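# Overview (structure and organization)
As a plain string of letters, each chain reads:
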Amino acid sequence: MAMKLCPYCGAEVPESDLYCGECGRKIGLEPAPPAAPVEEKRKFNLTPILIGAGVLLCLCLGIVIGVPALSAYIVARATPTTAAILPPHTPTPTRVTPTATPTKVATKTPTPTPSPTRPLLPTFTPTPTPIPGPVLYEEDFTDPTDGWWTSKDADYEVAYRDGEYVFHIVKDDYSVWSWGGEYFTDFILSVEAGQKMGPLLNSYGVTFRFQDSDNFYRFSISGDGQYAIHRVLDGEWEPLVPWEKSPAVNAGENWNLLRVACQGPYMNFYINDVHVADVIDDTFVGGDIGFYVSTSEDKGNLEVAFDNLQVLRNDAPPATHFEFEDDFSKKLGGWETKLGEGREAGYKDNQFEISVLDPDTIAWSRAYDKFDDFAVEVEAQKITGPDVNSQGIAFRIQDAKNYYSFNVSSTGMYRFVRVVDSEWTTLVDWTNSPAINKGEGLNHLRVICNGSRFSFYVNGVHLTDATDDTFASGDIALWVGAYDEVPVTVRFDNVKLWLFD
């Protein structure tokens, strides 16, 4: 292999290398993250999806983390989802009132408004990867004698129509519910839900682990592009994920593919194959499934249809166990502090600080350990320097010439790269995300590694997934990169790591 000498430290470096493996300085050409955001084009596939077999693994987190379970009939399209300030109205949860019907009811109740306040990001707890098992239940709603409840009066109608299960609500502030009389524990539910007509101020979706009309979970979307997850316990509503906007929702008179994966207390949620949230809650571990449709105040005459319901057994592996954490307050050691010329690292103000003093240089501090499948999170914040920088986590490190790295930039962008024998390959190019806090804002980073599948999150928002099988295990490191302008100083805090069983 042809070699060259590093102009800074004199070490021999292969001709194709981008950075010197000894001093970390750039000796090749790597484009800096763009200073201006890159516009992204997003598409959502609305084609009805045929059920098939086959499995791809992935992992997830939300308030915890999640990654889609994939079968032959579902292909994940990782698209950033962003929290937004709620509009003046809020699609609202409803409370059902028991009737003489033992398993299926229509209800006529006013709708309380959930709080628009998004809770603080809780401590990350990894969730098991949903893995589709055998089909437990399916329904295409072509046969009206299959048993789903139908009814009609002046205020609403629930009926089989043209191979769909249709809810038509004439009255405003009105909710209609129906459930199937089945019982499931660990499962993956998917169903197509489509608004056929009516105002956008509404809510509709699926109920699951239904005990009775006062105890269940509900996964909701709205015609104006929001989603939410609620728990109802003894008739009291609690937003496990408050209403928020997501580009994954096809707003208006469109179809949306909803998917819920449950295993034990772990619940993963997807809209049109996009992972939107994860929840851990052990209030209900099994129960019935069903549908609901609600109109809002002064917004009646709504029609919503459901089709192609399928429930698969969830054969997910066991959950993960906690490995270690470091808030850098006790200087426990283990993190590399002697980085060489042009790079500095050390403990400062109960955090770990890395500075890059020379242009076109990267610096990292390794943990000096080895991990296979894991989830890691850390807080990163630029203290000084230009916004055009890179900061994040390097992982599955073999040596200075072989590793992966997930970075964000203070310009509000992220990327994922692979380095093999010092040759850089961009697996996810610099991409703008409104989830990233720019400038000197604090960012909470999460990286999930499960076999050849990787998932990346910032501030609780799922950014993207990637697949690569080059490295199966390795060390982790805190990473800072500088480009033309220096110095760049970044502080890291609250590192936590979990291993997968």
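Reading the values: the criteria
- Each chain has its residues counted from 1, running along the sequence as written.
- Totals for whole chains, interfaces and linings use all residues, but because this is a predicted model, local features are given only for residues with pLDDT of at least 70 and pairs of side-chain atoms are given and counted only at 80 or more.
- Note: side-chain values were computed over all heavy atoms of the structure, leaving out hydrogens and water.
- Going along the chain from the N terminus, every DSSP run of H or I of four or more residues is numbered as a helix, and every run of E of two or more is numbered as a strand.
- Three labels apply to residues, based on accessible area from a 1.4 Å probe with only protein chains included: buried if under 20% of the type maximum, exposed if over 50%, partly exposed otherwise in between.
- Contact definition: two residues touch when any of their heavy atoms are within 4.5 Å.
- Areas reported as accessible are Shrake-Rupley estimates using a 1.4 Å probe. Residue values count occlusion only from the protein chains shown.
- When two rings of Phe, Tyr or Trp (its six-membered ring) have centres within 6.5 Å they constitute a pair, described as stacked for plane angles under 30 degrees, edge-to-face for angles over 60, and tilted for the intermediate range.
- Whether a charge lies above a ring is judged from NZ of Lys or CZ of Arg, which has to be within 6 Å of the ring centre and within 35 degrees of the ring normal.
- Among the buried residues, those of types Ala, Val, Leu, Ile, Met, Phe, Trp, Tyr and Cys that are joined through side-chain atoms within 4.5 Å form a nonpolar core.
- Every patch collects residues that have over 30% relative accessible area and no salt bridge, joining them within 9 Å if they carry like charges and within 5 Å if they are nonpolar side chains (Val, Leu, Ile, Met, Phe, Trp, Tyr).
- By salt bridge we mean one thing: a side-chain nitrogen of Lys or Arg within 4 Å of a carboxyl oxygen of Asp or Glu.
- As used throughout, the charge tally considers Lys and Arg to be positive and Asp and Glu to be negative, leaving His and the chain termini uncounted.
- For this purpose, a charge sits on NZ of Lys, CZ of Arg, CG of Asp or CD of Glu.
- Counting of polar contacts relies on pairs of N or O atoms within 3.5 Å, with two restrictions inside protein: one atom must be capable of donating a hydrogen and the other of accepting it, and residues adjacent in sequence are counted only when both atoms are side-chain atoms.
- A pair of strands is considered paired only if DSSP assigns at least 2 bridges between the two.
- Angles shown run from 0 to 180 degrees and are taken between the N-to-C directions of axes, each axis being a line fitted to C-alpha atoms and, for helices, limited to the stretch in contact.
- A score between 0 and 100, pLDDT records how confident the predictor is in each residue.

So, about the overall build of the protein chain. From N to C terminus, the protein chain includes zero helices and 34 strands. Taken across its 501 residues, the protein chain has 59% of its residues classed as buried. A fraction of 66% describes how many contacts in the protein chain between residues 6 or more apart in sequence connect residues 24 or more apart. Accessible surface for the protein chain amounts to roughly 19300 Å². Of this, 50% is attributable to carbon and sulfur atoms.

Here we come to the packing of aromatic side chains. Counted under the stated rule, the structure contains 47 aromatic pairs. Residues Trp177 and Phe216 carry aromatic rings whose centres are separated by 5.3 Å and whose planes lie at 70° to one another, so their mutual orientation is edge-to-face. With Trp177 in strand 10 (residues 175–179) and Phe216 in strand 13 (residues 215–221), the pair connects residues that are 39 residues apart, well separated along the chain. Accessibility expressed as a relative area gives 0% for Phe216, which makes it buried. Through a chain of ring-to-ring contacts, the aromatic side chains of Phe324, Phe371, Phe374, Phe395, Tyr404, Phe406, Phe416, Phe454, Phe456 and Phe471 assemble into a single cluster. Just above the ring of Tyr292 sits the side chain of Arg218; from NZ or CZ to the centre is 3.7 Å.

This part takes up the nonpolar core. Where a protein is soluble and globular, its nonpolar side chains tend to be buried together. Membership of the largest hydrophobic core comes to 48 residues, with the highest contact counts inside it found for Tyr165, Phe208, Phe219 and Phe291. With five residues, the single largest contributor to this core is strand 20 (residues 302–314). Among the nonpolar cores identified, the runner-up in size contains 45 residues, and Leu339, Ala345, Ala380 and Ile393 belong to it.

What follows deals with a negative patch on the surface. A cluster of acidic residues, Glu138, Asp140, Asp143 and Asp146, forms a negative patch at the surface. As for its placement among the helices and strands, Asp140 is situated in the loop between strand 6 (132–139) and strand 7 (151–152).

One can find Asn250 in the loop between strand 15 (236–245) and strand 16 (255–263). Its relative accessible area of 9% is what places Asn250 among the buried residues. One polar contact links the side chain of Asn250 to the main-chain carbonyl oxygen of Trp255, over a distance of 3.1 Å.

Attention shifts here to the side chain of Ser455. Checked against the element boundaries, Ser455 lands in strand 31 (residues 453–458). With relative accessibility at 3%, the residue Ser455 sits in the buried group. Of note is the side chain of Ser455, whose polar atom sits 2.6 Å from the side chain of Asp465.

Remark: a regular strand shows side chains that alternate across the two faces of the sheet. Across two bridges, strand 7 lies against strand 8 (residues 156–161) in antiparallel orientation. Looking at strand 8, one finds that Ser151 is bridged to Val158. Hairpin remark: strand 7 followed by strand 8, antiparallel, with three residues in the connecting loop. Here strand 8 pairs with strand 9 (residues 164–169) via six bridges, running antiparallel. When the bridges of strand 9 are listed, Val158 appears paired with Phe167. Between strand 8 and strand 9, which pair antiparallel and follow one another directly, the connecting turn spans two residues, one of which, Asp162, has a positive phi of 50°.

Moving on, we get to the environment of Gly392. In this structure, Gly392 sits in strand 26 (residues 389–399). For Gly392, a relative accessible area of 0% puts it in the buried group. Note: C-alpha distance between Gly392 and Asn407 (15 residues apart in sequence) is 4.3 Å. Dropping the residues within four chain positions of it, Gly392 is found in contact with Phe406, Asn407, Leu445, Ala477, Leu478, Trp479 and Phe492.

What follows concerns the sheet that holds strand 29 (residues 423–432). With antiparallel pairing, the six strands of this open sheet are ordered in space as 24-33-26-27-28-29. Either end of the sheet is taken by a strand with one partner, and the two such strands are strand 24 (361–366) and strand 29. Strand-to-strand, the axes of this sheet are offset by a mean angle of 20°, without reference to chain direction. Examined bridge by bridge, strand 24 and strand 33 (residues 475–482) share six bridges and lie antiparallel to one another. What sits directly across from Trp364, in strand 33, is Trp479.

Bringing the confidence of the model for the protein chain into the picture now. Looking at the protein chain, pLDDT values average 80 and 76% of them are 70 or higher. The low-confidence segment residues 37–123, where pLDDT is below 50, has 272 contacts with residues more than four positions distant or belonging to other chains.

A few words now on the environment of Leu442. In this structure, Leu442 sits in strand 30 (residues 442–450). Sequence separation between Leu442 and Ile383 is 59 residues; the distance between their C-alpha atoms is 9.7 Å.

Turning next to the environment of Asp273. With respect to the helices and strands, Asp273 occurs in the loop between strand 17 (266–271) and strand 18 (274–280). In this structure the C-alpha to C-alpha distance between Asp273 and Arg259, which are 14 residues apart in sequence, comes to 7.9 Å.

This paragraph deals with unusual backbone geometry. Residue Pro487 follows Val486 across a cis peptide bond; omega there is 0°. Along the chain, Pro487 falls in the loop between strand 33 and strand 34 (488–500). Here the phi dihedral of Tyr368 falls at roughly 55°; this positive angle occurs in a residue that is not glycine. Along the polypeptide, Tyr368 turns up in the loop between strand 24 and strand 25 (374–384). Backbone geometry places Asp421, a non-glycine residue, at a positive phi of 50°. Structurally, Asp421 can be placed in the loop between strand 28 (413–420) and strand 29. You can call Asp421 partly exposed: its relative accessible area is 49%.

For the coordinates displayed, the defined rule picks out 15 salt bridges. Its salt-bridge partner being Glu303, residue Arg161 comes within 3.0 Å of it at the nearest N-O pair. Here Arg161 is found in strand 8, whereas its partner Glu303 is found in strand 20, with 142 residues between them in sequence. The exposure class of Arg161 is partly exposed, given its relative accessible area of 30%. For Glu303, a relative accessible area of 8% corresponds to the buried category. Linking Arg231 and Glu238 is a salt bridge whose minimum nitrogen-to-oxygen distance equals 2.2 Å. Classification of Arg231 as buried rests on a relative accessible area of 13%. Through salt bridges with shared partners, a single ionic network connects Arg231, Glu238 and Asp281.

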